[in-house]
Amino acid sequence: MRIVVLSGGIGGARFLRGLLAAVPTAEITVIGNTGDDITLHGLRICPDLDTVMYTLGGGIHEEQGWGRSGETYAVAEELAGYGAQPQWFGLGDRDLATHILRSQLLAAGTPLSAVTDRLCARWRPGVRLLPMTDDPVETRITIKDGDQLRSVHFQEYWVRLHAKPEPVAVELAGIATAKPAPGVLTAIAEADLVLLAPSNPVVSVGPILAVPGIRAALVDSAAPVVGLSPIVGGAVVRGMADKLLPLIGVPTSASGVALGYGPELLDGWLVDTVDAAEVDQVAVSGIECRAVPLLMRDLPATVAMAQAAVDLAGQVAVA
Ligand code: FO1
C-alpha cells in the first residue's frame, strides 16, 4: 500500500512513528512542511524535516520532540561568547552538523530534496521524506507590537516570543512561485491513501496545501484523503494553533478544522472521543467522520489511531 502523509511539527513526526508500526509493509512518502525553515548563523535549518528524520531515524531528543538526543551546546556557548545573534534558538552541537552539511550542499547548488535524501541516507527513517518544495518559502506572522504592526519569522514568533504577541496575519512569503518538489505530485498521483497528520493546520499542513498544485492534486486524487484532528476538546494538544486558527477564519474545534479543510479535500476525518458530539456536523458536509482516541500518550495509542485512519480510508474508498 502506498501512503502519502502531509506532516509538520512534533505531532506529525510522532504520528508517523505509529503509522510505520501500524502498517509496516506500506511504502510511506512524507511531504514535509518547509515554511518553518530559517537561516541562522549562515546555516539553513529545516525543523519539520529534521524532526521527522530524527524521530523515525532514532536520533531525536525524545522529551523535546526536536533536536538531537545526547546533545551538547559548546558551539552555542562559544557563539554567545562572541555575542553572536540570535541566541534565542537552541542549536546543539550534533544538530549543527546537520545544518552545516545541508548548508554546504545547498551552497553547492544541490536542491533541498536531494539534500534531504543525502541526510536521510544516514538516518534511514523508513519513509521517503520530501520537502513540500525546493523553493524558499517562509512563514511569517504579523504581530501587534504596541501600536505598530511588525512581521516576524514564525520561529521568532514561536521560540523567542512564545506566541505571546497578538497575531494579526499569517503570510507564506514565496509561496506564489513555489513549485512542488520533485516526486511530490507523482507520489500523490500514485497514492492508495493520503493522510493529513495531526499537525498545525495553519503553519504545518497549511503551507503544504498552499504550494501551487498540491491541493488540486489531492482534490483530484482517486485516493481517499483522511485527516486526524490536532484539536481535542476545543484545545490544542501542543503548540499554538489556537492562536492562529482565528486568522484563517477556522474555529478551534475538531469539526471546525475539518470544515476548514473542506469536503472537496477531505474524504474522512478522525476526532477524539471527547468530541464525538461533533461527528454529525462533519458528516453532514460529506466527510466520513469517526470518534476515536487521538492522544498519542504512547506508541500503542499512536498505532491505534494510525490504524483507525487507515481503516476509515478503506471504508470511504469503497463508499
Ligand atoms: N523549539 C523551541 O521551542 N525552542 C528552541 O530553541 C528550538 C530550537 C530548534 C532547533 C532546531 C530545530 O529543528 C527545531 C527547534 N525547535 C525549537 C522546534 C521548532 O521551533 C518547532 O519544532 C517547529 O518549527 C514547529 O513545527
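Only a predicted model underlies this, so the values are computations on that prediction, with no experimental measurement involved.

A. Highlighting the overall build of the protein. When helices and strands are tallied, the protein shows 13 helices and 14 strands. On C-alpha atoms alone, the protein measures out to a radius of gyration of 19 Å, which is about the 20 Å that the 2.2 N^0.38 rule sets for 319 residues. The principal-axis extent of the C-alpha atoms belonging to the protein is close to 60 × 50 × 40 Å. Among the 319 residues that make up the protein, the fraction classed as buried is 53%. Of the contacts made within the protein by residues no fewer than 6 positions apart, 69% connect residues no fewer than 24 positions apart. The positive charge centre, built from 22 side chains, and the negative charge centre, built from 34, are 4 Å apart in the protein.

B. Examining the site of the ligand more closely. Taken together, 13 residues sit near the ligand, with D36, D48, F89, G90 and Q155 positioned nearest. Contact distances for the ligand include 2.9 Å between an oxygen atom and a side-chain N or O atom of D48. Between the ligand and Q155, the relevant distance is 2.7 Å, taken from an oxygen atom to a side-chain nitrogen or oxygen of the residue. Across the complex, the protein chains shield 87% of the 530 Å² of accessible surface that the ligand would expose by itself. At the level of secondary structure, the elements contributing two or more residues to the shell around the ligand comprise α1 (9–22), α2 (47–57) and α6 (154–160). With four residues, the single largest contributor to the shell around the ligand is α6. Each of two domains, domain 1 (2–133 + 177–318) and domain 2 (138–173), supplies a minimum of three residues to the shell around the ligand.

C. Focus on the nonpolar core. Counting residues in each nonpolar core, the largest one holds 52 residues, and the members touching the most others are L6, Y157, Y261 and W269. Here this core spans two domains, since at least three of its residues come from each of domain 1 (2–133 + 177–318) and domain 2 (138–173). Among all residues touching L6, those that are not within four sequence positions of it are I31, V194, L195, L196, A197, V205, I208, L209 and L218. Ranked by size, the runner-up nonpolar core spans 43 residues in total, among them F15, L228, L294 and A313.

D. Structural view of the pairing of strand β7 (residues 148–153). With six bridges joining them, strand β6 (residues 138–145) and β7 adopt antiparallel strand pairing. Of the residues in β7, the one forming a bridge with T142 is S151.

E. Representation of the side chain of S229 in the model. Relative to the elements of secondary structure, S229 occurs in the loop between β10 (225–228) and β11 (231–232). Overall, S229 belongs to the buried group, its relative accessible area being 3%. Look past the residues within four positions of S229 in its chain and what remains in contact with it is P198, A254, W269, L270, V271 and L294.

F. Representation of the packing of α2 against helix α4 (residues 93–107) in the model. Between α2 and α4, whose axes approach to 12 Å, the crossing angle comes to 125°. Considering their axes alone, α2 and α4 lie oblique with respect to each other. For the pair α2 and α4, the crossing hand works out as right-handed. Two secondary-structure elements touch here, α2 through D50, M53 and Y54 and α4 through D95, T98, H99 and R102. Partitioning the contact of α2 with α4 into residue classes produces two nonpolar, two polar and three charged.

G. View of the domain arrangement of the protein. Taken as a whole, the protein is organised into domain 1 (2–133 + 177–318) and domain 2 (138–173). If you average the C-alpha positions of domain 1 and of domain 2, the two centres end up 21 Å apart. Across the domain 1/domain 2 interface, buried area totals approximately 1,400 Å², and carbon plus sulfur atoms make up 76% of it. Our count for the domain 1 to domain 2 interface comes out at zero salt bridges. Our enumeration of links across domain 1 and domain 2 arrives at three residue pairs in polar contact (both at pLDDT 80 or more). Looking at the side of domain 1 that touches domain 2, the elements with two or more residues in it are α8 (201–210) and α10 (241–244). Per-element accounting of the side of domain 1 that touches domain 2 gives the leading share, four residues, to α8. Partitioning the side of domain 1 that touches domain 2 into residue classes produces 11 nonpolar, two polar and three charged.

H. Focus on the pattern of salt bridges. Taken as a whole and judged by the stated rule, the model has nine salt bridges. Residue D135 pairs with K179 through a salt bridge whose shortest N-O separation is 3.3 Å. Pair noted here: D135 is in the loop between β5 (128–131) and β6 and K179 is in the loop between β8 (167–173) and α7 (184–190), with a separation of 44 residues, a long-range link. For E166, the salt bridge goes to K144, with nearest N and O atoms at 3.6 Å.

Thresholds, definitions, all that
- Residues numbered from 1 in each chain as written.
- Predicted model: local features only at pLDDT ≥ 70, side-chain atom pairs only at ≥ 80, totals over all residues.
- Heavy atoms only, no water.
- Helix = DSSP H or I, 4+ residues; strand = E, 2+ residues; numbered from the N terminus.
- Rg over C-alpha atoms; globule rule 2.2 N^0.38 Å.
- Buried < 20%, exposed > 50% of the residue type's maximum accessible area, 1.4 Å probe, protein only.
- Contact = heavy atoms within 4.5 Å.
- Lys, Arg positive; Asp, Glu negative; His and termini not counted.
- Charge placed at Lys NZ, Arg CZ, Asp CG, Glu CD.
- Near = heavy atom within 4 Å.
- Polar contact = N/O pair within 3.5 Å; in protein donor to acceptor, adjacent residues only side chain to side chain.
- Areas by Shrake-Rupley, 256 points an atom, 1.4 Å probe, with all protein chains shown as cover.
- Domains from an automatic or database assignment.
- Core = buried A, V, L, I, M, F, W, Y, C linked by side-chain atoms within 4.5 Å.
- Pairing = 2+ DSSP bridges.
- Axes fitted to C-alpha atoms, helices over the stretch in contact; angles between N-to-C directions.
- Parallel < 35°, antiparallel > 145°, perpendicular 65-115°, else oblique.
- Left-handed = near helix turned anticlockwise from the far one by under 90°.
- Nonpolar A, V, L, I, M, F, W, Y, C, P; charged D, E, K, R; others polar.
- Buried area = accessible area lost by both parts, 1.4 Å probe.
- Salt bridge = Lys/Arg side-chain N within 4 Å of Asp/Glu carboxyl O.

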